[in-house]
Amino acid sequence: MTLITSIETTSETTNQLESLNDVQHLFDRILQTNQLFINRDLLRSTYIPEILPHREEEITELGSILSPALKYETPSNIIMFGKPGVGKTAVTKLVGVELQIRGKELGKHIHFIYINCQLSDTLYKILQHISQQLNDNQPDTIIPSSGLPVDVIFAKIILLIDKQKQILVVVLDEVDKIRDDITLYTLTRINEQLRNARLSIIGISNNLRFTDFLDARVKSSLGQETMVFNPYDAQQLQDILRTRCQQALAPNILSDDVIPLCAAIAAQEHGDARRALDLLRVSVELAERKHDRNVTNKHVRLAQSKIEKDRIAEVIHSLPAQQRLLLHAIRILQKYNKHMRNPSAMITGELYYQYVELSKTVRYTPLSQRRVADFISELDGLGIISARVISKGRYGTTREIQLMISLTELEHILQDDEFIEEISQVKMKNQMKLII
DNA sequence: CATCCACAGGAACTTGGGGGCA
DNA sequence: TGCCCCCAAGTTCCTGTGGATG
């Protein structure tokens, strides 16, 4: 009944049907136009290929360190270092999965468990993750997301792991995100509690100096083996891109200079293969959208600026309200500073004052200066602002804050922000004050 | 050259929301 | 239902800092 009424031919529904037709034609047109991609996903950094060019040595080394697992012997714990996008995670996952398969063939129980510590940064969450991966659907081994004491969880995990003879290889990616020593200490000592099973840990870090801040016992236990991944050079990045292109893109659509340019740009940024792949993928996407038959260095340049702008816009849109409010304060100060005595930069004190004023306007309770100082550090870390500690002599130590993106870009990103209307009225009032 | 300012940033503590257990 | 736990976000308190100033 409802269906019948909904397709009655009123003028309104006719319009709707026409626009539906338009959309269908749009999709048809898109599908019919020149297809530059064969498989877009192969150019995504999350895709792990079967062949990793220029990482043969690392694969062999990791494989040989982990190989005792195939004889139920405990592999050494490993700590891996290297800048982002140099293949640490890819190599580890590739070898880990292969190890698991070989184990299965030999009738050995080997589990490869990958944990990103950015998401699981406490002992509780890591133990919960391990239990999920080992989950045998037994209700008594399911661990809730919170509510239980850690020692209870720990005892459950020990029982779960030790139920059978097995080797667990636990990868802690971005291990430096774990904030306390106790978590790593507990994990590296877990074998002392096990009778049948064994666990070894691979810690992956972007930070070469990560172990400097570790407890000495954790450091020696975790770092039984150390692997350092060097950045790819431009030539190696070109090889990586060419290998992926063969399967990902239609033949002969790239100008000769596209791959060298993507590789060169990524090589400048500490040899990041992810960056090179993103750059190439977005370049092809831009060409496809413009119905161009070839991808040229012009598309690469466009892609380069698009990626950076998109990244910043995405980061800003995902900020919590209080941090966006702080950004509005920065935006306003930057705008007025242009016309004032000191156009260079703002300092913590004046920024906090402006932030408190804005909070009152939008009826938010302003947070403490200490908390806002943390926000400033976070925005600095995200590359949206630069906050440099300076001493103003007798007038104290503060941070000099500068916007790292253009004011126009920031205004563009914030134009549809929830606070914008109320705040723009304040701006008017302030302008009046300035004139007076 | 001691003093002083306006913070930076570490550490401990609080609050409130999520949840489990007996 | 009351008590316990975990955790994120925030506050309070504190010590440290470094160069202009008198």
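The structure we're discussing is the one just above.
Residues numbered from 1 in each chain as written. Chains lettered and ligands numbered in written order. Predicted model: local features only at pLDDT ≥ 70, side-chain atom pairs only at ≥ 80, totals over all residues. Heavy atoms only, no water.

Draft legend 1. View of the protein's contact with DNA strand C. Inspection of the region around DNA strand C gives 20 residues, with Thr122, Tyr124, Ser368, Gly393 and Thr397 positioned closest. Among the atoms of DNA strand C close to the protein, meaning within 4 Å, 70% are from sugar or phosphate groups. Between Thr122 and DNA strand C, the recorded distance is 2.6 Å, taken from a side-chain N or O atom to a phosphate oxygen. A distance of 2.8 Å separates a phosphate oxygen of DNA strand C from a polar side-chain atom of Lys125. Only helix H5 (123-133) and helix H15 (369-381) provide two or more residues apiece to the surface near DNA strand C. The dominant element in the surface near DNA strand C, judged by the number of residues it contributes, is H15, at three residues. Of the residues in the surface near DNA strand C, the class split is seven nonpolar, seven polar and six charged. (Near = heavy atom within 4 Å. Polar contact = N/O pair within 3.5 Å; in protein donor to acceptor, adjacent residues only side chain to side chain. Helix = DSSP H or I, 4+ residues; strand = E, 2+ residues; numbered from the N terminus. Nonpolar A, V, L, I, M, F, W, Y, C, P; charged D, E, K, R; others polar.)

Draft legend 2. Quick peek at the sheet that holds strand E1 (residues 78-81). A sheet is described by the order of its strands in space; here five strands give the open sequence E2-E3-E4-E1-E5, paired in parallel fashion. Each having just a single partner strand, strand E2 (110-116) and strand E5 (225-228) make up the two edges of the open sheet. Strand-to-strand twist of the sheet, defined as the mean angle between neighbouring strand axes without regard to direction, takes the value 15 degrees. Note that strand E3 (residues 167-173) and strand E4 (residues 198-205) share seven bridges and pair parallel. Within E4, the position partnered with Leu172 by the bridge is Gly203. Packed on one face of the sheet, H5 meets E2 and E3 and runs near 140 degrees to E2. (Pairing = 2+ DSSP bridges. Axes fitted to C-alpha atoms, helices over the stretch in contact; angles between N-to-C directions. Contact = heavy atoms within 4.5 Å.)

Draft legend 3. Spotlight on the protein's contact with DNA strand B. Around DNA strand B there are 17 residues in total, and Thr348, Gly349, Arg370, Arg394 and Thr397 lie nearest to it. Here Thr348 contributes a side-chain N or O atom positioned 2.4 Å from a phosphate oxygen of DNA strand B. Between a phosphate oxygen of DNA strand B and a main-chain N or O atom of Gly349, the distance comes to 2.8 Å. Where the surface near DNA strand B is concerned, the elements lending two or more residues are helix H14 (348-361), H15 and strand E8 (397-403). Broken down by class, the residue content of the surface near DNA strand B amounts to five nonpolar, nine polar and three charged.

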